[in-house]
Amino acid sequence: MNSNLTVKKNQLIDQLKAQGITDEKVLNIISEIPREDFIAGYLRQQAYENAALPIESGQTISQPFVVAYMTQELQIDDKCKVLEIGTGSGYQSVVLSKLCKRLFTIERHMPLYKVAEEIFKKYRLFNITTLFGNGMKGWKEQQPFDRIMVTAAGAEIPDELLYQLKDGGIMIMPVGSQEEAQHIVRVTRHGDDFTVKTLLPVKFVPLLSGIVHSS
Ligand code: SAH
């Protein structure tokens, strides 16, 4: 990494702390992972700006603060089996995989799915299993999950995902439309009951059904 990026990375970590990220494990992982590896071409110079950036297929790599915040709120440990919906660049997946036992991640855009798979291989992250498909249905063969993270905004929380959570499990997801406000919500399962807490206002690309084979 060039020295300019190193300075910016240190500044980013300071910003995350100032924004309320207190989990040392999360901060350490963000400072270990080269975010520029998940971004194409000239945009790499902006890898340590605290901003979402465009990736292939009209999608975005999430803002570092949002990645850190959602990860912190998910309260993962190294015994957790985690499902992520929206692999995208694979950056959030790598963060999760370093904190959990096994990560299952689903992407509906084939070009993104392929690039992310290559990165996970390159990093030798053998605890990540990928799927090309519609994550709104979850992953029936692999359920139940201790944790679920959705990284695209849905108008509502899909029921099928809720019932793939273990009892006591936690799910984090942005809820809202593209035109109006979106908020990250945290859902906790208690038997057949779910408590929902509304957290931070955010802006995510939409959670959509179906799959897309080309870019
Ligand atoms: N965590 C990613 C976020 C990428 S943006 C990152 O930081 O790079 C959200 C991603 O969710 C997009 O790649 C989009 O294609 C994907 N997505 C949207 N709806 C989906 C669905 N139903 N199933 C799987 N992936 C979905």
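For clarity, every value in this text was computed on a predicted model and none was experimentally measured.

Here is what the cut-offs are and how they apply
- Residues numbered from 1 in each chain as written.
- Predicted model: local features only at pLDDT ≥ 70, side-chain atom pairs only at ≥ 80, totals over all residues.
- Heavy atoms only, no water.
- Near = heavy atom within 4 Å.
- Areas by Shrake-Rupley, 256 points an atom, 1.4 Å probe, with all protein chains shown as cover.
- 1 Å grid on protein atoms, 1.4 Å probe; cavity = no way out; pocket = protein on both sides within 12 Å on 5 of 7 lines; lining within 4 Å.
- Sits in = over half its atoms within 2 Å of the grid points.
- Helix = DSSP H or I, 4+ residues; strand = E, 2+ residues; numbered from the N terminus.
- Nonpolar A, V, L, I, M, F, W, Y, C, P; charged D, E, K, R; others polar.
- Salt bridge = Lys/Arg side-chain N within 4 Å of Asp/Glu carboxyl O.
- Buried < 20%, exposed > 50% of the residue type's maximum accessible area, 1.4 Å probe, protein only.
- Contact = heavy atoms within 4.5 Å.
- Points joined across faces, edges and corners; volume = space filled by probe spheres on them.
- Pairing = 2+ DSSP bridges.
- Axes fitted to C-alpha atoms, helices over the stretch in contact; angles between N-to-C directions.
- Expected span 1.5 Å × (residues − 1).
- Right-handed = clockwise from strand over helix to strand, strands pointing away.

Q: How do you make sense of the site of the ligand when you look at a structure like this?
A: As a matter of local geometry, the ligand sits amid 26 residues, with Ser89, Glu107, Asn134, Gly135 and Leu208 nearest to it. Contact with the protein chains hides 100% of the accessible area of the ligand, taken as 580 Å² for the molecule alone. The site holding the ligand turns out to be the largest pocket. Counting only elements with at least two residues in the shell around the ligand, the list comes to strand E2 (60–61), strand E3 (81–85) and strand E4 (102–107). Each residue belonging to the shell around the ligand can be placed in one class, and the counts come to 10 nonpolar, 13 polar and three charged.

Q: Would you explain the pattern of salt bridges in this entry?
A: Side chains that differ in sign of charge can pair as their charged atoms come close. Going through the model one piece at a time under the given rule, you end up with six salt bridges. A salt bridge links Glu160 to Lys140; the shortest N-O distance between them is 3.4 Å. Here Glu160, found in helix H6 (residues 159–162), pairs with Lys140, found in the loop between strand E5 (128–132) and strand E6 (145–150); they are 20 residues apart in sequence, far enough to count as distant. When its relative accessible area of 37% is taken as the criterion, Glu160 is described as partly exposed. Residue classification places Lys140 among the exposed positions, given a relative accessible area of 52%. Here Asp192 and Arg189 are joined by a salt bridge, their closest N and O atoms 3.4 Å apart. The exposure class assigned to Arg189 is buried, which follows from its relative accessible area of 12%.

Q: What's the story with the environment of Leu12 in this structure? I'm lost.
A: Tracing the backbone shows Leu12 in helix H1 (residues 3–18). The exposure class of Leu12 is buried, given its relative accessible area of 2%. Taking C-alpha positions, Leu12 is 6.9 Å from Glu49, a pair spaced 37 residues apart along the chain. Ignoring any residue separated from it by four or fewer positions in sequence, one finds Leu12 in contact with Tyr48, Asn50 and Pro64.

Q: Would you explain the layout of surface pockets in this entry?
A: Using a probe with the size of a water molecule, rolled over the atoms, empty space left in the structure can be pinpointed. The space that makes up the largest pocket amounts to roughly 340 Å³. If you go around the largest pocket, you meet 28 residues; those closest to its centre are Gly86, Gly88, Glu107, Thr151 and Ala152. Of all the elements in the fold, those that place two or more residues in the lining of the largest pocket are E2, E3, helix H4 (91–99) and E4. Its residues assigned to classes, the lining of the largest pocket comprises 12 nonpolar, 13 polar and three charged. Roughly 250 Å³ of volume is contained in the second largest pocket. Lining the second largest pocket are 15 residues, with Phe38, Ile39, Ala40, Ile55 and Glu56 sitting closest to its centre. With four residues, the single largest contributor to the lining of the second largest pocket is helix H5 (residues 110–122). Its residues assigned to classes, the lining of the second largest pocket shows 10 nonpolar, two polar and three charged.

Q: Is there a simple way to explain the sheet that holds E5 in this structure?
A: Across a sheet, strands are paired by hydrogen bonds formed along the backbone, either parallel or antiparallel in direction. Ordered by their spatial adjacency, seven strands build an open sheet running E5-E4-E3-E6-E7-E8-E9, and the pairing between neighbours is mixed. Edge positions in the sheet fall to E5 and strand E9 (193–202), since each of these pairs with one other strand and no more. With strand direction ignored, the average angle separating the axes of adjacent strands in the sheet is 15°. For E3 and E6, the ladder comprises four bridges, and the chain directions are parallel. Pairing of Leu83 across the sheet is with Ile148, part of E6. Sitting on the sheet, H4 touches E3, E4, E5 and E6, and the angle it makes with E4 is about 165°.

Q: Explain H1 to me, please; I cannot follow it from the model alone.
A: An α-helical segment advances 3.6 residues per turn. Residues three or four places apart therefore align on the same side. Taking 1.5 Å per residue, 16 residues should reach 22 Å; H1 reaches 23 Å between its end C-alpha atoms and fits that length. Those residues of H1 that are buried lie in contact with helix H2 (24–32) and helix H3 (64–74). One or two steps after H1, the chain reaches Gly20, where phi turns positive at roughly 105°.

Q: Would you take a moment to explain the pairing of E4 for this structure?
A: As a general feature of sheets, a regular strand has side chains that alternate between the two faces. Along E4, five of the six residues are buried, which leaves the element largely enclosed by surrounding structure. As defined by bridge partners, E3 adjoins E4 across five bridges and the pair is classed as parallel. Pairing of Glu84 across the sheet is with Thr105, part of E4. Read from E3 through H4 to E4, the crossover connection turns out right-handed. The pairing of E4 with E5 spans five bridges and is parallel.

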